[in-house]
Amino acid sequence: LDTFSGPIAESRLKDLSWIGPLACRHEAVIEQAMRYSPVFPARLGTVFSSLQSLEKLLGHHYDTISCFLDEVEDKEEWSVKGMLDREKAIMSSVIKVFPTESEHLTTVSPGKQYFQKKRAELAAGKELTLWLKKARGQVWDSLNLYARGSLERRVVSYGDRPGDHAPVCNWAFLVSKDSLKDFHDRVDSINSAYYSRGLFFQVSGPWPPYSFCPSLEMC
């Protein structure tokens, strides 16, 4: 208990060199367990003062936990993150809005080329925003056909730097094991359709079903 409580623990929990290996070990234990059974994963640092305290919590939330374990049996959580190559996407939108613009840019001086390119990019920005919103909705609906549950998670951006791929969506899907191949095939098909416009989707997993765990009040 002293490891995760008290003033010393507060400073430790801010030290990545200390908490990092524990987090990896915590994840490894849960992933090992989920090979043989559905799991209700507790977050790192979940500490009970005694076995009796744990038993009391399990008894109080028995129905919730039991229903959840039944729900996630033979299912896995998969993360899908949408990434946008903004330079490629903008140029694609420029060509779509101004089909002859890209050819014209090669025939003018570098100075005029710069200003005309910026003008075209601004005009194409609105088209890109509308297209991206529509594309995200279509992909979300398409992947949900192969999932038993889904939710949108917070998109974490690490700053806009030239050449970066900007995150545009962060989703979690609960997928039955017998639907995994269809799910992954669908992601591949989606990437083939959207990559030319700078949009692609990264899949990772399987993960313990953290995103779908109900919250349990301590009692």
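These lines cover the structure that appears in this document, whether it is placed above or below. Note that the structure is a prediction, hence the values are computed from the model and not measured.

So, the overall build of the protein
Looking only at helices and strands, the protein has 8 helices and 4 strands in total. Reading the protein from its N terminus to its C terminus gives the helix and strand order α-α-α-α-β-α-α-α-β-β-α-β. A buried classification covers 31% of the 219 residues belonging to the protein. In the protein, 77% of the contacts between residues at least 6 apart in sequence involve partners at least 24 apart. With an accessible surface of roughly 14,100 Å², the protein has 55% of that area assigned to carbon and sulfur atoms.

Some points on the pairing of strand β1 (residues 75–85)
Burial analysis of β1 places 9 of its 11 residues in the buried class, the great majority of the element. Summarising the sheet, β1 and strand β3 (residues 165–176) pair through 11 bridges and their orientation is antiparallel. Across the sheet, the residue bridging to E76 is V175, located in β3. Sheet topology note: the β1/strand β4 (residues 199–207) ladder contains 7 bridges and is antiparallel. Of the residues in β4, the one forming a bridge with L84 is L199.

Description of the nonpolar core
Considering soluble globular proteins, one finds that nonpolar side chains tend to be buried as a cluster. Within the largest apolar cluster, 25 residues are counted, with the highest numbers of intra-cluster contacts made by L143, W171, F173, F183, L199 and F201. Those elements that provide at least two residues to this core are β1, α5 (86–97), α7 (110–144), β3, α8 (180–194) and β4. It is α7 that contributes the most residues to this core, 7 residues altogether. Contact partners of W171, with chain neighbours within four places excluded, come to W78, S79, V80, R136, V139, W140, L143, L151, E152, R153 and F201. Of all hydrophobic cores here, the second largest spans 5 residues; its members include F68, V72, L174 and F212.

Quick word on unusual backbone geometry
Look at the link from G205 to P206: it is a cis peptide, with omega at 0°. Secondary-structure assignment places P206 in strand β4. Of note in the backbone geometry, D74 takes a positive phi value of approximately 60° without being a glycine.

Things to note about the side chain of N170
Its place among the elements puts N170 in strand β3. Since its relative accessible area comes to 12%, N170 is described here as buried. In terms of polar contacts, N170 uses its side chain to reach the backbone carbonyl oxygen of R154, at 3.0 Å. Discounting residues that sit within four places of it in the chain, N170 has contacts with S79, V80, K81, L151, E152, R153, R154 and V155.

Things to note about the pattern of salt bridges
Applying the stated criterion to the full structure yields 2 salt bridges. The salt bridge partner of R153 is E77, with a shortest N-O separation of 3.4 Å. Placement of the pair is R153 in the loop between β2 (149–152) and β3 and E77 in strand β1, with a sequence separation of 76 residues. Accessibility expressed as a relative area gives 2% for E77, which makes it buried. Salt-bridge contacts for K181 lead to D185; the nearest nitrogen and oxygen are separated by 2.8 Å. Placement of both K181 and D185 in helix α8 is noted, with a separation of 4 residues, approximately one turn of the helix. Exposure remark for K181: the relative accessible area of 60% places this residue in the exposed category. For D185, a relative accessible area of 34% puts it in the partly exposed group.

Reading the values: the criteria
Residues numbered from 1 in each chain as written. Predicted model: local features only at pLDDT ≥ 70, side-chain atom pairs only at ≥ 80, totals over all residues. Heavy atoms only, no water. Helix = DSSP H or I, 4+ residues; strand = E, 2+ residues; numbered from the N terminus. Buried < 20%, exposed > 50% of the residue type's maximum accessible area, 1.4 Å probe, protein only. Contact = heavy atoms within 4.5 Å. Areas by Shrake-Rupley, 256 points an atom, 1.4 Å probe, with all protein chains shown as cover. Pairing = 2+ DSSP bridges. Core = buried A, V, L, I, M, F, W, Y, C linked by side-chain atoms within 4.5 Å. Polar contact = N/O pair within 3.5 Å; in protein donor to acceptor, adjacent residues only side chain to side chain. Salt bridge = Lys/Arg side-chain N within 4 Å of Asp/Glu carboxyl O.

Honestly, that's just the spatial picture; any functional story needs more than this.
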